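So you can see what is in the structure, the chains are spelled out below.
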Amino acid sequence: MSQTSAALGRIQPSATLAMSARVNALKAEGVDVIGLSAGEPDFDTPDFVKEAGIEAIRKNLTRYTDVDGTADVKEAVAFKFKRDNGLIYKRSQITVNSGGKHTLFNALVATVDVGDEVIIPAPYWVSYPDIVNFAGGTPVFIEGPASQGYKITPAQLDAAITPRTKWVMLNSPSNPSGAAYSATELKALGEVLLRHPHVLVMTDDMYEHVWYAPTPFATIAQVCPDLYDRTLTVNGCSKAFSMTGWRIGFAGGPEWIIKAMGKLQSQSTSNPCSISQAAAVAALTGPQDFLEERNAAFKKRRDMVVAMLNDAPGLDCPTPEGAFYVYPDASGVIGKVTPKGQVIDSDETLIGYFLDEAKVAAVHGAAFGLSPAFRISYATSEEVLKTACVRIQEACAALK
């Protein structure tokens, strides 16, 4: 008899967090390693948000709150959805959780049964399939290759839907590729979904405000109003407001889903941190002008990293339209041999080579469901990024 549960056996540890832990261990040993594996903005939490958190402590807002968020934070989330996305949600249609991952976990575990299928475009964020597996569902992957801009087509979506499909998950801008669906592209996917009324839609908009595309950000419930009643629109404070450690995610959607998620949360974490909720109110309702300045910095880094990686022999790095990642296609280096005689037979071998020889940490594409590729986060200084890209160029040039 196993000492751990069958559900635990259906999941794997996060590959991104595992690489971050490895980088931290190497740095502790004094190794000059550049970690580009973590999905975390390097900007500080805005001062006005910090002050709101400090003021919450002073006011002794340190006790239990309603399970899935205070009235104030739900009103702030509703305000954000109306302002940014034109979506109207009542408080009973909003859930607030301990980070975006918690939001996704609650939604899937509260709704997915054994035999249910969840469609996940690849490349995907590493946690999506594992949460589905934990819930007992079956992940169904649709590959969106680099030739399609790392996006899926309406025809692919239509072909993947079966009577057992419970959810379709959309992530735009994407982690890991930075690919972003335009309003027109979302409408085309929405037309497919309208033909399949049994399918729910979960859209992960966590990188909404890290956006470089010439057209405005759009989310599917906004551009396809007929899908509103079966769409869960997920977002959070982590990326836009540099609040990763504050752990605030949220969603708006049908009342029955929100209620089910609250029921689960009542027997797991209970409420998200009361102080973080107060800070989230400030973040969502306060000044937003700093986002443009941060986006300009991210875009400058993106352009530099894309250009430098495209100068690395064997790599082909598309230009992402959002988020702070690049996802270079590594097909041109697979099969080559390192100076020490090791064959680069996979993207996992490649990032091991980068870590061992170039002292640069990335995450292999297989972790995101589309190989051969790797993910690099450019949420760090230009100086560090330049050094890392030079090291990668030299490592690729040394392959034979």
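All values reported here derive from a predicted model rather than from experimental measurement.

Section: the overall build of the protein
Part 1 of the argument: Counting its secondary structure elements, the protein contains 14 helices and twelve strands.
Part 2 of the argument: Computed over its C-alpha atoms, the radius of gyration of the protein comes to 21 Å, within 12% of the 21 Å expected for a compact globule of 400 residues.
Part 3 of the argument: Dimensions of the protein along its principal axes, counting C-alpha atoms only, are 60 × 55 × 55 Å.
Part 4 of the argument: Buried positions account for 55% of the 400 residues belonging to the protein.
Part 5 of the argument: Just so you have it, the protein exposes about 16700 Å², and 53% of that area is on carbon and sulfur atoms.
Part 6 of the argument: Side-chain charges in the protein split into 36 positive and 43 negative, and the spacing between the mean points of these groups amounts to 3 Å.

Structural notes on the pattern of salt bridges
Part 1 of the argument: By the definition in use, this model includes 20 salt bridges.
Part 2 of the argument: Asp42 is the partner of Arg301 in a salt bridge, and the nearest nitrogen-oxygen pair spans 2.9 Å. Of the two residues, Arg301 is situated in helix 12 (residues 290-310) and Asp42 in the loop between strand 1 (34-35) and helix 3 (47-58); the sequence distance between them amounts to 259 residues.
Part 3 of the argument: Residue class for Arg301 comes out buried when judged on its relative accessible area of 7%.
Part 4 of the argument: With a closest N to O distance of 2.9 Å, Lys90 and Glu255 form a salt bridge. Here the residue Lys90 occupies a position in the loop between helix 4 (71-85) and strand 2 (94-97), and Glu255 occupies one in helix 10 (residues 255-266), the gap between them amounting to 165 residues.
Part 5 of the argument: Relative accessible area serves as the criterion here: at 37%, Glu255 is assigned to the partly exposed category.
Part 6 of the argument: Salt bridges here are not isolated pairs; linked through shared partners, they connect Lys80, Arg83, Asp84 and Glu208.

Here we look at the UniProt feature "domain: Aminotransferase class I/classII large" (unreviewed entry) in the protein
Part 1 of the argument: The positions UniProt marks with the feature "domain: Aminotransferase class I/classII large" (unreviewed entry) are residues 32-392.
Part 2 of the argument: The span residues 32-392 is 39% helical and 14% strand by assignment, and the distance between its end C-alpha atoms comes to 14 Å.

What to know about the side chain of Asp68
Part 1 of the argument: Along the polypeptide, Asp68 turns up in the loop between helix 3 and helix 4.
Part 2 of the argument: A distance of 3.0 Å separates the side chain of Asp68 from the side chain of Lys74, its partner in a polar contact.
Part 3 of the argument: Apart from residues no more than four positions distant in its own chain, Asp68 is found in contact with Lys74, Ile94, Thr95, Val96, Ile258 and Gln265.

Some details on the sheet that holds strand 5 (residues 165-171)
As a general point, the strands of a sheet are linked pairwise by backbone hydrogen bonds and lie either parallel or antiparallel.
Part 1 of the argument: One open sheet holds the seven strands; their spatial order is 2-8-7-6-5-3-4, and the pairing between them is mixed. Bordering the open sheet on either side are strand 2 and strand 4 (138-143), each of which pairs with just one other strand. Strand after strand, the sheet turns through a mean of 20° between neighbouring axes, direction not considered.
Part 2 of the argument: Summarising the sheet, strand 3 (residues 117-122) and strand 4 pair through six bridges and their orientation is parallel. Residue Ala122 lies in a different strand from strand 4, and its bridge partner there is Glu143.
Part 3 of the argument: Across the face of the sheet, helix 5 (residues 100-111) comes into contact with strand 2, strand 3, strand 5, strand 6 (200-204), strand 7 (231-236) and strand 8 (249-252) while running at roughly 165° to strand 5.
Part 4 of the argument: Of the strands in this sheet, strand 2, strand 5, strand 6, strand 7 and strand 8 are in contact with helix 10, which crosses strand 2 at around 30°.

Side note on the nonpolar core
For soluble globular proteins, the rule of thumb is that nonpolar side chains tend to be buried together.
Part 1 of the argument: In terms of nonpolar packing, the biggest core is built from 78 residues, with Leu108, Trp167, Met202, Leu232, Leu309, Leu315 and Phe374 touching the most fellow members.
Part 2 of the argument: Two domains each put at least three residues into this core: domain 1 (6-44 + 290-398) and domain 2 (48-285).
Part 3 of the argument: Not counting chain neighbours up to four residues away, the residues in contact with Phe374 comprise Leu315, Val326, Tyr327, Pro328, Ala330, Leu350, Ile351, Phe354, Ala362, Val363, His364 and Gly365.

A closer look at unusual backbone geometry
Part 1 of the argument: With omega at 10°, the peptide bond leading from Ala122 into Pro123 counts as cis.
Part 2 of the argument: Mapped onto the elements, Pro123 comes out in the loop between strand 3 and helix 6 (127-135).
Part 3 of the argument: Residue Pro173 is reached from Ser172 by a cis peptide bond, and omega for that bond is -10°.
Part 4 of the argument: Along the chain, the position of Pro173 falls in the loop between strand 5 and helix 8 (183-194).
Part 5 of the argument: Positive phi outside glycine occurs at Ser242, with the angle close to 50°.
Part 6 of the argument: Mapped onto the fold, Ser242 is located in the loop between strand 7 and strand 8.
Part 7 of the argument: On the accessibility criterion, Ser242 (7% relative accessible area) is buried.

Quick notes on the sheet that holds strand 11 (residues 363-364)
Part 1 of the argument: Spatial strand order, 9-12-11: three strands in an open sheet with antiparallel pairing. Looking along the sheet, the strands with just one partner apiece sit at the ends: strand 9 (325-326) and strand 11.
Part 2 of the argument: Relative to strand 12 (residues 374-377), strand 9 runs antiparallel, the two being bridged by two bridges. Across the sheet, residue Tyr325 finds its bridge partner in strand 12, namely Ser377.

Brief notes about helix 10
Part 1 of the argument: If you check helix 10, its first and last C-alpha atoms are 16 Å apart, about what twelve residues at 1.5 Å a residue would give, namely 16 Å.
Part 2 of the argument: Listed as buried for helix 10 are Ile257, Ile258, Met261, Gly262 and Gln265. For helix 10, the angular spread of the buried residues around the axis is 135°, confining them to a single face. Residues of helix 10 that are exposed and angled more than 90 degrees away from the buried face: Lys259 and Lys263.

Analysis parameters
Residues numbered from 1 in each chain as written. Predicted model: local features only at pLDDT ≥ 70, side-chain atom pairs only at ≥ 80, totals over all residues. Heavy atoms only, no water. Helix = DSSP H or I, 4+ residues; strand = E, 2+ residues; numbered from the N terminus. Rg over C-alpha atoms; globule rule 2.2 N^0.38 Å. Buried < 20%, exposed > 50% of the residue type's maximum accessible area, 1.4 Å probe, protein only. Areas by Shrake-Rupley, 256 points an atom, 1.4 Å probe, with all protein chains shown as cover. Lys, Arg positive; Asp, Glu negative; His and termini not counted. Charge placed at Lys NZ, Arg CZ, Asp CG, Glu CD. Salt bridge = Lys/Arg side-chain N within 4 Å of Asp/Glu carboxyl O. UniProt positions renumbered as here; feature names shortened; annotations may be inferred. Polar contact = N/O pair within 3.5 Å; in protein donor to acceptor, adjacent residues only side chain to side chain. Contact = heavy atoms within 4.5 Å. Pairing = 2+ DSSP bridges. Axes fitted to C-alpha atoms, helices over the stretch in contact; angles between N-to-C directions. Core = buried A, V, L, I, M, F, W, Y, C linked by side-chain atoms within 4.5 Å. Domains from an automatic or database assignment. Expected span 1.5 Å × (residues − 1). Arc of directions from axis to C-beta.

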